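The residues making up each chain are set out below.
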Amino acid sequence: GKVLDIAGSISVLTPEFLEDVDPTRIFDATKYLAGISEGQGDGFYDRQYIRGFQNNRPTVDNFASVQSENVDGLFIDHIEVVKGPSALLAPTGTPGGQINVISKSPSYVTSRSISATVGRIDAQRVEVDLTGAVAPGSAWAYRFLAGYQDSQLNTSGTKNERKLVGGQLSYRAV
């Protein structure tokens, strides 16, 4: 048979959905999909069961992850979840499925945002997201992402301190 004839299910968790649920881990967003449950592992790694098979790490922009590190939501545009045998075509394909995180990328439309989260548990966070063309009509676009968090994870005093910085340039051939 042809690859295109392989049965499978693809779900896309959109930027709007991710903004609504504000996930700390990828599982906090994917748990709303049928057939996905939290995986086993040390600490807070983002391991998930997809249709009964544990997926130890998502791919990021279709590239296999080296470790089981969590991807911070600041850098995520959307998430694709492929369930079923077609996931075996992915670099780390597990029989149950594959999770692919798509990173935010530069846009030629100017957008600037700053946000703050204040609260008692896992809050105290500031984020900046800047994107646009380098100059009007330019073939170059940029994206700059930055965040800082210094908060308690729970009442026992466990801390979550993060310093995040990311930047990208994009060139569009005309």
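For the structure itself, consult the block above.
Residues numbered from 1 in each chain as written. Predicted model: local features only at pLDDT ≥ 70, side-chain atom pairs only at ≥ 80, totals over all residues. Heavy atoms only, no water.

## Digging into the overall build of the chain
The helix and strand inventory of the chain stands at two helices and twelve strands. Seen in sequence order, the chain has helices and strands lined up from the N terminus as β-α-α-β-β-β-β-β-β-β-β-β-β-β. Within the chain, buried positions represent 35% of all 174 residues. For the chain, long-range pairs separated by at least 24 residues make up 52% of all intrachain contacts whose partners lie at least 6 apart in sequence. Entry remark: accessible area of the chain is about 10400 Å², with carbon and sulfur atoms responsible for 55%. (Helix = DSSP H or I, 4+ residues; strand = E, 2+ residues; numbered from the N terminus. Buried < 20%, exposed > 50% of the residue type's maximum accessible area, 1.4 Å probe, protein only. Contact = heavy atoms within 4.5 Å. Areas by Shrake-Rupley, 256 points an atom, 1.4 Å probe, with all protein chains shown as cover.)

## What to know about the pattern of salt bridges
Taken as a whole and judged by the stated rule, the model has nine salt bridges. For Lys104, the salt bridge identified is with Asp129, shortest N-O distance 3.5 Å. Within this pair, whereas Lys104 is found in the loop between strand 8 (97-103) and strand 9 (111-117), its partner Asp129 is found in strand 10 (residues 125-133), the two being separated by 25 residues in sequence. Judged on exposure class, the residue Lys104 and its partner Asp129 are both buried. Residues Asp150 and Lys159 are paired through a salt bridge, measuring 3.1 Å at the closest nitrogen-oxygen approach. (Salt bridge = Lys/Arg side-chain N within 4 Å of Asp/Glu carboxyl O.)

## Description of the sheet that holds strand 1 (residues 9-13)
Paired through backbone hydrogen bonds, the strands of a sheet run either parallel or antiparallel to each other. Spatially, 1-7-8-5-6 is the arrangement adopted by the five strands of the open sheet, whose pairing is mixed. A single partner strand is all that each edge strand has here, and the edge strands are strand 1 and strand 6 (63-64). Relative to strand 8, strand 5 (residues 59-60) is paired through two bridges, and the arrangement is parallel. Its bridge partner lying in strand 8, Val60 is registered against Val101. (Pairing = 2+ DSSP bridges.)

## Considerations on the environment of Ala139
Of note, Ala139 is situated in the loop between strand 10 and strand 11 (140-152). Among all residues touching Ala139, those that are not within four sequence positions of it are Tyr108, Ser170, Tyr171 and Arg172.

## Notes on the sheet that holds strand 10
The sheet built from four strands is open, its strands ordered 9-10-11-12 with antiparallel pairing. Each of the sheet's edge strands pairs with one partner strand only, and the pair in question is strand 9 and strand 12 (159-171). The sheet shows a mean angle of 5° between the axes of neighbouring strands, direction not considered. The sheet contact formed by strand 9 and strand 10 spans seven bridges and is antiparallel. (Axes fitted to C-alpha atoms, helices over the stretch in contact; angles between N-to-C directions.)

## Overview of the packing of aromatic side chains
The full count for this structure, using the stated rule, is two aromatic pairs. The ring of Tyr108 has Arg172 sitting right over it, with the charged end atom 3.7 Å from the ring centre. (Phe/Tyr/Trp six-rings, centres within 6.5 Å; stacked < 30°, edge-to-face > 60°. Lys NZ or Arg CZ within 6 Å of the ring centre and 35° of its normal.)

## Considerations on a negative patch on the surface
A contiguous patch of negative charge, built from Glu16, Glu19, Asp20 and Asp22, is present on the exposed surface. The residue Asp22 is located in the loop between helix 1 (15-21) and helix 2 (27-30) in this model. (Patch = residues over 30% accessible without salt bridge, like charges linked within 9 Å, V, L, I, M, F, W, Y side chains within 5 Å. Lys, Arg positive; Asp, Glu negative; His and termini not counted. Charge placed at Lys NZ, Arg CZ, Asp CG, Glu CD.)

## Examining a nonpolar patch on the surface
Together, Val134, Trp140, Leu169 and Tyr171 make up a nonpolar patch on the protein surface, roughly 460 Å² of accessible area in all. Turning to its location among the elements, Leu169 is positioned in strand 12. A residue is classified by how much of its surface remains accessible, and Leu169, at 61% relative accessible area, is exposed.

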